[in-house]
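Structural overview
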Amino acid sequence: MGVGTYIAIYFIVWWVVIFTVLPFGVRSQHEDGAVEDGTEPGAPQRPMLLRKALATTVISAILVLLFAWLVETDRLNVDMFPMPFQLYETK
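Residues numbered from 1 in each chain as written. Predicted model: local features only at pLDDT ≥ 70, side-chain atom pairs only at ≥ 80, totals over all residues. Heavy atoms only, no water.

Aromatic ring pairs are defined here through the distance separating the ring centres and the angle between the ring planes. Summed over all chains, the structure comprises three aromatic pairs. With centroids separated by 6.4 Å and ring planes inclined at 70°, the aromatic side chains of Phe 11 and Trp 15 adopt a geometry described as edge-to-face. In this pair, Phe 11 and Trp 15 are both assigned in helix α1 (residues 3-21), four residues apart and thus about one turn of the helix distant. The exposure class assigned to Phe 11 is exposed, which follows from its relative accessible area of 54%. Judged by centre distance (5.9 Å) and plane angle (35°), the rings of Trp 15 and Phe 19 are tilted. Of this pair, Trp 15 and Phe 19 both sit in helix α1, four residues apart, which is roughly one turn of that helix. Cluster of aromatic residues (ring-pair linked, three or more members): Phe 11, Trp 14, Trp 15 and Phe 19. (Phe/Tyr/Trp six-rings, centres within 6.5 Å; stacked < 30°, edge-to-face > 60°. Helix = DSSP H or I, 4+ residues; strand = E, 2+ residues; numbered from the N terminus. Buried < 20%, exposed > 50% of the residue type's maximum accessible area, 1.4 Å probe, protein only.)

Below, the structure is given as structure tokens:
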């Protein structure tokens, strides 16, 4: 696979991981008992978005590097997965 393919895979993995990481450690204003006037009580008190973005970047990089290693060492390939139809001609 080419570098562009791995960049696209990284982009997809990053978005999946960010939505997985976002709820970790979040406490709402209601849970903390500090609801500010004019805000939603369920809004997060401290979302820690920078920390979560950094964690997401590291986790995604590890996952994509592991995937790339598996593909490049032929431990993982397309032939391992069942396909509902033939994608290419086999020899």
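Take the pattern of salt bridges next. In the structure shown here, the tally under the stated rule is one salt bridge. A salt bridge links Arg 27 to Asp 32; the shortest N-O distance between them is 2.8 Å. The exposure class assigned to Arg 27 is partly exposed, which follows from its relative accessible area of 42%. (Salt bridge = Lys/Arg side-chain N within 4 Å of Asp/Glu carboxyl O.)

This brings us to α1. What sets the pattern is the α-helix's 3.6 residues per turn: residues three or four places apart point alike. With 19 residues, α1 should reach 27 Å at 1.5 Å per residue; the first-to-last C-alpha distance of 26 Å fits that figure. Tyr 6, Val 17, Ile 18 and Val 21 are the residues of α1 that are buried. Taken down its axis, α1 places every buried residue within 105° of arc, on the same side. Those residues of α1 that are exposed and angled more than 90 degrees off the buried face are Gly 4, Phe 11, Ile 12, Val 16 and Phe 19. (Expected span 1.5 Å × (residues − 1). Arc of directions from axis to C-beta.)

In this section: the packing of α1 against helix α3 (residues 49-72). Look at α1 against α3: their axes get within 8 Å of each other, and the N-to-C directions meet at 135°. By the criterion of interaxial angle, the relationship of α1 to α3 is oblique. When you trace α1 past α3, the crossing you get is right-handed. For the contact of α1 with α3, a count of residues per class yields 16 nonpolar, three polar and two charged. (Axes fitted to C-alpha atoms, helices over the stretch in contact; angles between N-to-C directions. Parallel < 35°, antiparallel > 145°, perpendicular 65-115°, else oblique. Left-handed = near helix turned anticlockwise from the far one by under 90°. Nonpolar A, V, L, I, M, F, W, Y, C, P; charged D, E, K, R; others polar.)

It is worth spelling out a nonpolar patch on the surface at this point. A cluster of nonpolar side chains, namely Phe 11, Ile 12, Trp 15, Val 16 and Phe 19, defines an oily patch on the protein surface of about 580 Å² accessible area. Along the chain, the position of Val 16 falls in helix α1. (Patch = residues over 30% accessible without salt bridge, like charges linked within 9 Å, V, L, I, M, F, W, Y side chains within 5 Å. Areas by Shrake-Rupley, 256 points an atom, 1.4 Å probe, with all protein chains shown as cover.)

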